[in-house]
Amino acid sequence: MLRDKKTYDILVVEDNPGDFTILEDLLIDRLFKPVIDHAKTFKAASVFLKDLTMQYDVILLDLSLPDKNGVALVQEMLHISGNIPVIVLTGYTDVTFSIKSISLGVEDYLLKEDLSPDLLYRTIVYAIQRKKSVKELEESEKRYSDLFQFSPEPVMVYDMSSLKFLSVNKAAIEKYGYSELEFLNLTMTDIIADNTDADLITASIFRDFKLGVNIRHRKKNGELFYVAIHSSMLQLNNQPVTIVNASDISQTVEYLKAIEAYTVKLKEIAWTQSHIVRAPLSRMMGIVNVLKQIGTSNPEFNEWVIHFDNSAKELDNIILDITRKTEAVKIGD
Amino acid sequence: MLQKVMVVNDNELLLMIAKKVIAISDFAHETITATDGLQALAYFDALLEQEGHRALGEPEFMFLDLHMPGMDGWEFLEIFTEKYQAYFPNLKIAILSASVDMTDMLMLVKYPIVVDFINTAIDENVLNNIKNKFFNTVTANA
């Protein structure tokens, strides 16, 4: 007979010694060196489960124990078993309740009269696998929920036809200043400052669109800020919804504006100054031309040299002035 | 050689230079100057007041600055083309300015009287070019 090589840690909660022996035999039949702990009462079982050095793979639970039975036993066992799958063991007389225990949260039930090594083995393996899958699914859901909730950027989900908010994350609540409840009574248009045309907003969100710099959102306190919007559509409870990530880019926008203004000022300086520079410069060129033609022996020569010198000084002052004005222009003025 | 040219510019030194270069380049016999558009118009008014002003001699060419305190070059062009040009049909104007940009150039297109832009220093080459382009017969005779 093939035996599972994996070592299983199993907690058997069973007060009847005969039933326990049968279970033990059936387990050993298919499992390679299982670690089997035996609790005869609920109290004993809870002591085993409190021992954190033991990580049980499965709990086999008899439905009638001396200190607890029925619904109370199942509920309290599930309460202390955590992620360990619980399989209920019962007799024919308790079939109805066994089925009910599934809805309470146990993984499976086995009728003692039907037990066989194969059935017991399969039930255990399936129970462990099922519990593991459910746990993974729950973790994955939590991971996505965390991604939404703990995203540093405001994220909002809204209904595509009514534009009403359906869900907002913590960052959105902090950024906009609305409580979650207040948010759920607003529509997407309520937070858009510059354009309240709902059609345009919807249309803009349908495309992967880059309004970015032009769109501002309004906080509860009236404060406006520029946003870069990233959105996508998805189905939530069979309703088309839009999930929006709104990044505050006010700082970037303000900085860009400051740089643009700065550039304009520098251009103005460059333009006006270059024209002012050219006037004395073209006079100097004209004087040189005169000097070349009249020659050094001409009595006017010295007079023209003085004119040249004055023009040169004028030019120097103009250049100094440009440097001063350019240095005085600061980003953000 | 031309008989008479006029230079309109607010900078006295530039007027001196222009006069000198015009003289030593044999561009014109006489150079008259004005420091703004109003002064220039006054000269043409004086000509018109005289009977037979042509005999007295009108300037054939003008070097006009655009940026001047008082009446600037633009205003002068506007008034001259509207009220004076009919009486002085032979006058041609070159804009002599250190700062002529594209916008200025485009605006100047609407004045056919403006035949040239001198965006640099006035020198013999500039004057010879003007002579060749606009006063061929004069150059040939010179």
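Check the entry above for the structure.
Residues numbered from 1 in each chain as written. Chains lettered and ligands numbered in written order. Predicted model: local features only at pLDDT ≥ 70, side-chain atom pairs only at ≥ 80, totals over all residues. Heavy atoms only, no water.

## Let's talk about the overall build of chain B
Part 1: Per the secondary structure count, chain B includes seven helices and five strands.
Part 2: Helices (α) and strands (β) of chain B occur, in sequence order from the N terminus, as β-α-β-α-α-β-α-β-α-β-α-α.
Part 3: For the C-alpha atoms alone, the extent of chain B along its principal axes is close to 40 × 35 × 30 Å.
Part 4: Within the span of chain B, comprising 142 residues, buried residues form 51% of the whole.
Part 5: Nonlocal contacts in chain B, meaning residues at least 24 apart in sequence, comprise 70% of its contacts between residues at least 6 apart. (Helix = DSSP H or I, 4+ residues; strand = E, 2+ residues; numbered from the N terminus. Buried < 20%, exposed > 50% of the residue type's maximum accessible area, 1.4 Å probe, protein only. Contact = heavy atoms within 4.5 Å.)

## Thoughts on the interface of chain B and chain A
Part 1: Across the boundary between the two partners, chain B contributes 19 residues, which contact 18 residues of chain A.
Part 2: Here chain B packs against chain A, burying approximately 1,600 Å² in sum over the two surfaces, 64% of which is carbon and sulfur.
Part 3: At the boundary of chain B with chain A, the tally comes to one salt bridge.
Part 4: Linking A:Glu300 and B:Lys20 is a salt bridge whose minimum nitrogen-to-oxygen distance equals 2.7 Å.
Part 5: Between the two partners, chain B and chain A, sit three residue pairs in polar contact (both at pLDDT 80 or more).
Part 6: When residues in the side of chain B that touches chain A are grouped by element, the largest group, seven residues, is from helix H1 (residues 12-24) of chain B. (Buried area = accessible area lost by both parts, 1.4 Å probe. Salt bridge = Lys/Arg side-chain N within 4 Å of Asp/Glu carboxyl O. Polar contact = N/O pair within 3.5 Å; in protein donor to acceptor, adjacent residues only side chain to side chain.)

## What about the pattern of salt bridges?
Residue and element names in this part refer to chain A.
Part 1: Enumeration over the complete set of coordinates arrives at 20 salt bridges over all chains.
Part 2: Between Glu107 and Arg130 there is a salt bridge whose closest N-O contact spans 3.3 Å. On the criterion of sequence distance, the pair formed by Glu107 in the loop between helix H4 (95-104) and strand S5 (108-111) and Arg130 in helix H5 (residues 117-149) is long-range, its members being 23 residues apart.
Part 3: Residue Arg130 is classed as partly exposed on the basis of its relative accessible area of 35%.
Part 4: Taking the shortest distance from any N to any O, the salt bridge between Asp321 and Lys325 comes out at 3.5 Å. With Asp321 and Lys325 both in helix H10 (residues 301-328), this residue pair falls four residues apart, about one helical turn.
Part 5: Exposure remark for Lys325: the relative accessible area of 39% places this residue in the partly exposed category.
Part 6: One network of salt bridges, in which partners are shared, links Glu14, Asp19, Asp62 and Lys112.

## As for unusual backbone geometry
All names here are of chain A.
Part 1: Notably, Lys33 is not glycine yet its phi reads approximately 45 degrees, a positive angle.
Part 2: In this fold, Lys33 is placed in the loop between helix H1 (17-30) and strand S2 (35-39).
Part 3: Judged by relative accessible area, Lys33 falls into the exposed class, the value being 61%.
Part 4: The residue Asn237 is not glycine, and still its phi comes out positive at about 50 degrees.

## Digging into the environment of B:Ile93
Residues and elements named next belong to chain B.
Part 1: Within the element layout of this structure, Ile93 appears in strand S4 (residues 92-96).
Part 2: Overall, the relative accessible area of 0% leaves Ile93 in the buried class.
Part 3: Excluding residues within four positions of it along the chain, Ile93 makes contact with Phe61, Met62, Leu64, Phe76, Leu77, Ile113, Val114, Val115 and Asp116.

## Re the sheet that holds strand S10 (residues 239-248) of chain A
Residue and element names in this part refer to chain A.
Part 1: Read from one edge of the open sheet, five strands run S7-S6-S10-S9-S8, paired in antiparallel fashion. Each edge of the open sheet is held by one strand with a lone partner, namely strand S7 (165-168) and strand S8 (216-218). Between one strand axis and the next, the sheet turns by 40 degrees as a mean value, whatever way the strands run.
Part 2: Summarising the sheet, strand S6 (residues 155-159) and S7 pair through three bridges and their orientation is antiparallel. (Pairing = 2+ DSSP bridges. Axes fitted to C-alpha atoms, helices over the stretch in contact; angles between N-to-C directions.)

## Re the pairing of S4(B)
All names here are of chain B.
Part 1: A large share of S4 lies buried, amounting to four of its five residues.
Part 2: Relative to S4, strand S3 (residues 61-64) is paired through four bridges, and the arrangement is parallel. For Met62, the partnering residue across the bridge sits in S4 and is Ile93.
Part 3: Here S4 pairs with strand S5 (residues 114-118) via four bridges, running parallel. What sits directly across from Leu96, in S5, is Ile118.

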